Amino acid sequence: MENGNKRLAVLVGCNYPNTPHELNGCINDVLAMRDVLVKRFGFDHSHIELLTDAPGSLIMPTGANIKKALDQMLKKAEPGDVLFFQYSGHGTRIPSAKPGHPFRQDEAIVPCDFNLITDVDFRQLVNLLPKGASFTILSDSCHSGGLIDKEKEQIGPSSVTNDGTLQQSCSPKTIPFESILQHLTSQTSINTSDIGTHLLELFGADASHKFHLHPHELDLSESLKTDEGVLLSGCQANETSADMNPMMTGGKAYGAFSNAVQMVLKDHLGSLSNKEVVLLARKSLEAGGFAQHPCLYCSDGNADAPFLWQPQGSGL
């Protein structure tokens, strides 16, 4: 692939202020990444859309707003373009509706209004990508492994157990399925454990594609060809990602995976492959005592491709 003609990004940070699920570092994560995109990777400020739930935000990171921003980015994409989506916030796992998977769980991110965006939505976005363009997703959220449905696993679950103790003032970036169900039920007053029923009632056409499709149709979204989707996940599908709040010591709050990627990029100014970024971030997190293992999902070719197709001579 040649260097992209356009570089487009959507960055989403959800701290869920004044809720039982409040985080601290997610907005800091995307602000730090915006600087890196501009200074190192040749993105123009005007081509970066930032959605956060900071007080006074004009566009809140609701499910509909996030999907609208991603849809608009995909519609602008042409061959040779470099697209990037970063999400820092809560993730969750929901029961799979796919036939033959009664005990399987699927991954989703949790926008500020709880209108879940699922692995099926990200698969559909990747399938819209024009030939010759690339779409990199960096998700610093719990259970983010496998967030692009059916994307090939390159660096997957680790069997290594980490006995290191996490630093204090660390929160897992997850909202359990039961808590999401309880929250949605309080709004719909419908007595069912089927999360799709609640989401369709509350959000209608803006609910995830997963809940609009018949279970047998979900398998039709399978990627039958090599695609240009690249997922760097903050942890395995069965793990949590950490949100650090060292503010009591005067430090800045941050997501552990986002911060690890920032440190890796700072320490290696030359071009790094997607695989190198994930492996170095794993090493950084392990050294810090974190029990989360970043993963990489993409085609064989994209595993060794430069992260965000770094322009020649940049980062020096």
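Residues numbered from 1 in each chain as written. Predicted model: local features only at pLDDT ≥ 70, side-chain atom pairs only at ≥ 80, totals over all residues. Heavy atoms only, no water.

An unreviewed UniProt entry lists the protein chain under the name Peptidase C14 caspase domain-containing protein, from Castanea mollissima.

Asks: Help me understand the overall build of the protein chain in this model?
Replies: From N to C terminus, the protein chain includes nine helices and 13 strands. Looking at the protein chain alone, contacts between residues at least 24 apart form 76% of all its contacts between residues at least 6 apart. As presented, the protein chain carries roughly 13,800 Å² of accessible surface, and 52% of it is formed by carbon and sulfur atoms. (Helix = DSSP H or I, 4+ residues; strand = E, 2+ residues; numbered from the N terminus. Contact = heavy atoms within 4.5 Å. Areas by Shrake-Rupley, 256 points an atom, 1.4 Å probe, with all protein chains shown as cover.)

Asks: Hey, could you run me through the pattern of salt bridges in this one?
Replies: Pairs can form between side chains of opposite charge whenever their charged atoms are close. Per the stated rule, a full pass over the model turns up twelve salt bridges. Here K6 makes a salt bridge to E78, at a shortest N to O gap of 2.9 Å. Of this pair, K6 sits in the segment before β1 (7-13) while E78 sits in the loop between α2 (63-76) and β3 (82-88), and the two are 72 residues apart along the sequence. One salt bridge connects E151 with R123, and the closest N-O pair in it is separated by 3.2 Å. Of this pair, E151 sits in the loop between β7 (134-140) and β8 (153-155) while R123 sits in helix α3 (residues 119-127); the two residues are 28 residues apart in sequence, bridging distant segments of the chain. Neither E151 nor R123 differs from the other in exposure class; each is buried. (Salt bridge = Lys/Arg side-chain N within 4 Å of Asp/Glu carboxyl O. Buried < 20%, exposed > 50% of the residue type's maximum accessible area, 1.4 Å probe, protein only.)

Asks: Would you mind going over the packing of helix α1 (residues 26-39) against helix α7 (residues 256-267) with me for this structure?
Replies: Think of two packed helices as two axes; the pair is described by the angle between the axes and how far apart they sit. Running from N to C, α1 and α7 cross one another at 25°; their axes reach a closest spacing of 10 Å. Here α7 runs roughly parallel to α1, going by the angle between their axes. Handedness of the crossing formed by α1 with α7: left-handed. The segment α1 lies against α7, with D29, A32, M33 and V36 engaging S258, V261, Q262 and L265. (Axes fitted to C-alpha atoms, helices over the stretch in contact; angles between N-to-C directions. Parallel < 35°, antiparallel > 145°, perpendicular 65-115°, else oblique. Left-handed = near helix turned anticlockwise from the far one by under 90°.)

Asks: Quick question: what am I supposed to make of the nonpolar core here?
Replies: What tends to happen in soluble globular proteins is that the nonpolar side chains get buried as a cluster. Residues L70, F85, F122, F135 and I195 are the most contacted members of the largest nonpolar core, which totals 46 residues. With five residues, α2 is the largest single contributor of residues to this core. (Core = buried A, V, L, I, M, F, W, Y, C linked by side-chain atoms within 4.5 Å.)

Asks: Please clarify how the sheet that holds strand β11 (residues 242-244) should be interpreted in this entry.
Replies: Within a beta sheet, neighbouring strands are joined by backbone hydrogen bonds and run either parallel or antiparallel to one another. Strand order in this open sheet of three strands is β9-β11-β12, and the pairing throughout is antiparallel. A single partner strand is all that each edge strand has here, and the edge strands are β9 (170-172) and β12 (254-255). As paired strands, β11 and β12 are joined by two bridges and run antiparallel to one another. Bridge pairing links M244 to Y254 in β12. (Pairing = 2+ DSSP bridges.)

Asks: What is the right way to look at the sheet that holds strand β5 (residues 105-109) in this model?
Replies: The three strands lie next to each other as β4-β5-β6, forming an open sheet whose pairing is antiparallel. Across the chains shown, the open sheet's two edge strands, defined by having one partner strand only, are β4 (91-95) and β6 (117-118).

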